[in-house]
Amino acid sequence: MNEQSSDLRETVRQRYAAAATTVTEGAAACCGSGPTAVEVDANFGSGLYDADERAGLPAEAVAASLGCGNPTAVAELRDGDRVLDLGSGGGIDVLLSARRVGPTGKAYGLDMTEEMLALALANAEKAGAGNVEFLKGSIEAIPLPANTIDVVISNCVINLSVDKPAVFAEMFRVLRPGGRIGISDVVADDALTSAQRAERGDYVGCIAGALSFAEYRAGLEAAGFTDVGITPTHAVADGMHSAIVRATKTATTATGPDAPAARSADGSCCGVSACCTPAEEAVDPAVGVDEAKSAAGCGCTS
């Protein structure tokens, strides 16, 4: 990573650390006052979620919302899905995902900012969410095994990355064959140059670092994704849009010990639940994990 990229990443980290601190300190204020929401304009933040979605969430999770959309509304999450939120912030999308996938599913949140991770963990505890896990790391090097995630979501974070091809490659790696992405992000009109995008807003404001529609599509396809769709939802600046990004990792027919595991309708694969994760257990309690995989005739990737 060059010096300019390192500086940009640190600027982003500081911006979101400060946002988490604003919410945390607001929540700790005297006289029973609620958390202080991070200031954003109408194109960003918790107003993009329906009131019934916000209901029941910790106020701090709502106050820390900085995204440009609602990826959980478009990701078509199902019971038993394993979901990964890139740049999970205060945890609003992780908590909403956890509701949707139910107790047999799991929602992971990945963030590089200690302050946001601490806030997210506190929010998960307040929500009583037992099927969530927050991980520290960068979205360019996801700390999860290959072929273990059903859905990747993200809310206005990929535009902040200084190495977007690495993000796309990592999303593809961790997804199971047949897995999908449902992302909200800022995307620029194809006619806008990088300089023109920078004129419309800064990098940490989710504007200057945005890809164009063509660049986004090309980047996902280069990583191996198919069925790429990018649909603008609302304008965030002149020629800049919040957009829903969908794509699929095509299912494979490969076999053998190194082939990714197929997944059944009940959320199991290779005869085990939570396949290829530390929580995997044999579906049949009378047999062990290794015996179940052997009997199923397929090999999970660890």
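Because the structure is predicted, anything quoted here is derived from the model rather than measured.

Visitor: Sorry if this is basic, but what is going on with the overall build of the chain here?
Guide: The secondary structure content of the chain amounts to nine helices and eleven strands. Residue burial in the chain is summarised as follows: out of 302 residues, 51% are buried. Long-range contacts, defined here as pairs at least 24 residues apart, represent 69% of the contacts in the chain between residues at least 6 apart. Carbon and sulfur atoms form 52% of the exposed surface of the chain, whose accessible area is close to 13,000 Å².

Visitor: I'm lost on the pattern of salt bridges in this one. Help?
Guide: Where side chains of opposite charge bring their charged atoms close, a pairing between them can arise. All chains considered together, the criterion is met by seven salt bridges. The closest approach of N and O atoms between Arg180 and Asp81, which form a salt bridge, is 3.2 Å. In this pair, Arg180 sits in strand E5 (residues 175-188) while Asp81 sits in the loop between helix H3 (59-63) and strand E1 (82-86), placing the two residues 99 residues apart along the sequence. For Asp81, a relative accessible area of 3% gives the class buried.

Visitor: Please clarify how the pairing of strand E4 (residues 149-155) should be interpreted in this entry.
Guide: The side chains of a regular strand alternate between both faces of the sheet. Summarising burial for E4: seven of the seven residues are buried, a large majority. Alignment of E4 against E5, held across six bridges, turns out to be parallel. Pairing of Val151 across the sheet is with Arg180, part of E5.

Visitor: Got a minute to help me understand the confidence of the model for the chain in this structure?
Guide: Detailed reading of the predicted model is not advised wherever pLDDT is low. Put simply, the chain has an average pLDDT of 79, and 65% of its residues get 70 or more. Model confidence for the chain, summarised as mean pLDDT per element, is weakest for strand E9 (residues 268-269) at 52 and strongest for helix H8 (residues 213-223) at 97. With pLDDT under 50 throughout, residues 27-33 is counted as low confidence; its partners more than four residues away or in other chains account for six contacts.

Visitor: When you look at the nonpolar core in this model, what are you seeing that I'm missing?
Guide: The tendency in soluble globular proteins is for nonpolar side chains to be buried as a group. Core analysis: the largest hydrophobic core is formed by 31 residues, its most contacted members being Leu84, Met171, Ile181, Tyr216 and Leu220. Non-local contacts of Met171, meaning those with residues more than four positions away in its chain, are made with Leu86, Ile142, Val152, Ile158, Ile181, Ile183, Leu220 and Phe225.

Visitor: Sorry if this is basic, but what is going on with the packing of aromatic side chains here?
Guide: Two numbers describe a pair of aromatic rings. These are the distance of the centres and the angle of the planes. The tally for this structure, following the rule as stated, stands at two aromatic pairs. Arranged with centres 5.4 Å apart and planes meeting at 45°, the rings of Phe168 and Tyr216 form a pair that is tilted. Pair noted here: Phe168 is in helix H6 (residues 164-174) and Tyr216 is in helix H8, with a separation of 48 residues, a long-range link. A relative accessible area of 2% places Phe168 in the buried class. Assessed through its relative accessible area of 1%, Tyr216 is described here as buried. Between Phe172 and Phe225, the aromatic rings sit 5.2 Å apart at their centres with planes inclined by 90°, giving edge-to-face as the arrangement. Taken together, the residues Phe172 in helix H6 and Phe225 in the loop between H8 and strand E7 (226-237) connect sequence positions 53 residues apart. Among the residues examined, Phe172 registers a relative accessible area of 22% and is labelled partly exposed. The cationic tip of Lys249 hangs over the ring face of Phe172; the distance from NZ or CZ to the ring centre is 4.7 Å.

Parameters at a glance
- Residues numbered from 1 in each chain as written.
- Predicted model: local features only at pLDDT ≥ 70, side-chain atom pairs only at ≥ 80, totals over all residues.
- Heavy atoms only, no water.
- Helix = DSSP H or I, 4+ residues; strand = E, 2+ residues; numbered from the N terminus.
- Buried < 20%, exposed > 50% of the residue type's maximum accessible area, 1.4 Å probe, protein only.
- Contact = heavy atoms within 4.5 Å.
- Areas by Shrake-Rupley, 256 points an atom, 1.4 Å probe, with all protein chains shown as cover.
- Salt bridge = Lys/Arg side-chain N within 4 Å of Asp/Glu carboxyl O.
- Pairing = 2+ DSSP bridges.
- pLDDT = per-residue confidence, 0-100.
- Core = buried A, V, L, I, M, F, W, Y, C linked by side-chain atoms within 4.5 Å.
- Phe/Tyr/Trp six-rings, centres within 6.5 Å; stacked < 30°, edge-to-face > 60°.
- Lys NZ or Arg CZ within 6 Å of the ring centre and 35° of its normal.

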